[in-house]
Amino acid sequence: MLKIGDRVVVESESTQTTPRAGEILEIMRDDPHPRYRIRWDDGHESIYPPAAGALRPEAEYQHR
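These figures come from a predicted structure and were not determined experimentally. (Residues numbered from 1 in each chain as written. Predicted model: local features only at pLDDT ≥ 70, side-chain atom pairs only at ≥ 80, totals over all residues. Heavy atoms only, no water.)

J.: I'd love a proper account of the pattern of salt bridges, names of residues and values included.
T.: Under the definition given, this model contains seven salt bridges. Salt-bridge contacts for arginine 37 lead to glutamate 26; the nearest nitrogen and oxygen are separated by 3.0 Å. Here arginine 37 is found in strand β3 (residues 35–40), whereas its partner glutamate 26 is found in strand β2 (residues 20–29), with eleven residues between them in sequence. Put simply, glutamate 45 and arginine 37 hold a salt bridge, and the shortest N to O gap is 2.8 Å. Residues joined by salt bridges that share partners form a network here, namely Glu26, Arg37, Arg39 and Glu45. (Salt bridge = Lys/Arg side-chain N within 4 Å of Asp/Glu carboxyl O. Helix = DSSP H or I, 4+ residues; strand = E, 2+ residues; numbered from the N terminus.)

J.: Any chance you could break down the environment of glycine 22 for me, citing the residues and the numbers?
T.: Its place among the elements puts glycine 22 in strand β2. Linking glycine 22 and arginine 39, residues 17 residues apart in sequence, is a C-alpha distance of 5.4 Å.

J.: Account for the packing of aromatic side chains, naming residues and giving values.
T.: For the structure on display, the rule yields one aromatic pair. Over the aromatic face of tryptophan 40 sits the side chain of arginine 20, whose NZ or CZ is 3.9 Å from the ring centroid. (Phe/Tyr/Trp six-rings, centres within 6.5 Å; stacked < 30°, edge-to-face > 60°. Lys NZ or Arg CZ within 6 Å of the ring centre and 35° of its normal.)

The structure is reproduced here in structure tokens:
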């Protein structure tokens, strides 16, 4: 389960788009349909409702 302060990576469905990373600032809604407020490494923030398997902890992504 993800928590505030966790670093996460989102993989794109497109092979031409690189994954993006950021930090969870707020958990707006928990499971089964979570929504997170994330500050991306480019400085932007967004509300992110992850699709199945699209959002991963950064440490897990780095070990793939």
